[in-house]
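# Residue-level structure breakdown
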Amino acid sequence: MLISFSTLVLASQLIVTVADNVPKFNIERGCKVDSTASSLEKGLDETIKRCVHDEQQAQDQLQTQWSQFAPSDKALCTSQTTEGGGVPPSYVELLTCLQGQQLVKKLNK
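Residues numbered from 1 in each chain as written. Predicted model: local features only at pLDDT ≥ 70, side-chain atom pairs only at ≥ 80, totals over all residues. Heavy atoms only, no water.

## Concerning the packing of aromatic side chains
Under the convention used in this document: Stacked, tilted and edge-to-face are the three classes applied to pairs of Phe, Tyr and Trp rings, where Trp contributes its six-membered ring and a pair requires centres within 6.5 Å; stacked means planes under 30 degrees apart, edge-to-face means over 60, and tilted covers the rest. Counting from the N terminus, the helices are DSSP H or I runs at least four residues long and the strands are E runs at least two residues long. When a residue's accessible area, from a 1.4 Å probe over protein chains only, is under 20% of the maximum for its type it is buried; when over 50% it is exposed; and in between it is partly exposed.
Counted by the stated rule, this structure contains one aromatic pair. Pairing Phe-25 with Tyr-91 gives two aromatic rings, centres 4.6 Å apart and planes at 35°, and the pair type is tilted. Note that Phe-25 is positioned in the loop between helix H1 (5-19) and helix H2 (27-38) and Tyr-91 in helix H5 (residues 91-107), a separation of 66 residues in sequence. Like Phe-25, the residue Tyr-91 is buried in the burial classification.

## Focus on the environment of Glu-93
Test applied: In this description, contact between two residues means that some pair of their heavy atoms is separated by no more than 4.5 Å.
Within the secondary structure layout, Glu-93 lies in helix H5. Along the chain, Glu-93 and Thr-78 lie 15 residues apart, while their C-alpha atoms are 9.3 Å from each other. Dropping the residues within four chain positions of it, Glu-93 is found in contact with Gln-80 and Thr-81.

## Let's talk about the state of the cysteines
What counts, and what does not: Two cysteine sulfur atoms form a disulfide, by the criterion used here, when they sit within 2.5 Å.
Under the criterion given, the structure shown has two disulfides. The residue that forms a disulfide with Cys-31 is Cys-51, at a sulfur-sulfur distance of 2.0 Å. On the sign convention where negative is left-handed, the bridge of Cys-31 and Cys-51, at about -80° about the S-S bond, is left-handed. Of this pair, Cys-31 sits in helix H2 while Cys-51 sits in helix H3 (residues 44-65), and the two are 20 residues apart along the sequence. By sequence order of its bonded cysteines, the protein chain has the disulfide arrangement 1-2, 3-4.

## Things to note about the confidence of the model for the protein chain
What counts is decided by this rule: What pLDDT conveys is the predictor's confidence in a given residue, as a value from 0 to 100.
Of all residues in the protein chain, 74% have pLDDT values of 70 or greater, and the mean over the chain is 80. Here H1 stands out as the least confident element of the protein chain, with mean pLDDT 43; H5 is the most confident, with 95. In the model, residues 5-18 has pLDDT below 50 throughout and makes one contact with residues more than four positions away in sequence or in other chains.

## Comments concerning the packing of H3 against H5
Quick note on the threshold: Axes here mean lines fitted to C-alpha atoms, for a helix over just the part in contact, with angles spanning 0 to 180 degrees between N-to-C directions. Relative orientations are named as follows: roughly parallel for angles under 35 degrees, roughly antiparallel for angles over 145 degrees, roughly perpendicular for angles from 65 to 115 degrees, and oblique for any other angle. Each helix crossing is assigned a hand: it is left-handed if the near helix lies turned anticlockwise from the far helix by less than a right angle, otherwise right-handed if that turn is clockwise. In the scheme used here, Gly and all other residues not listed as nonpolar or charged are polar, with Ala, Val, Leu, Ile, Met, Phe, Trp, Tyr, Cys and Pro taken as nonpolar and Asp, Glu, Lys and Arg as charged.
The contact between H3 and H5 brings their axes to 8 Å, and the two run at 45°. Judged by the angle between their axes, H3 and H5 are oblique. In terms of crossing hand, the pair formed by H3 and H5 is left-handed. Residues Asp-54, Glu-55, Ala-58, Gln-59, Gln-61, Leu-62 and Gln-65 of H3 form the contact with H5, whose own contacting residues are Tyr-91, Val-92, Leu-94, Leu-95, Leu-98 and Gln-99. Residues of the contact of H3 with H5, tallied by class, amount to seven nonpolar, four polar and two charged.

Structure follows, in structure tokens:
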């Protein structure tokens, strides 16, 4: 089956468009899964609230800095963050990965 050139161009534009935006994660779900797995003692609600707060801060920071990250780093880090084998993705993890990639590039100069 042959795919037309215009279909390939359209598909590549869609992929670029998606990569140009911060991915959407379910923060509360991720925090609940993470919190129940790590602490079943009292204070669980506070742990979830802190987690949600941290995730929202990381998401806000990603929104303002997203254009500063290299497309290859965005693809790498988004892939690593979202392919966690049943572990919900995390904005904190994504931001940490992207900042790490920037640091490596600075150190290699």
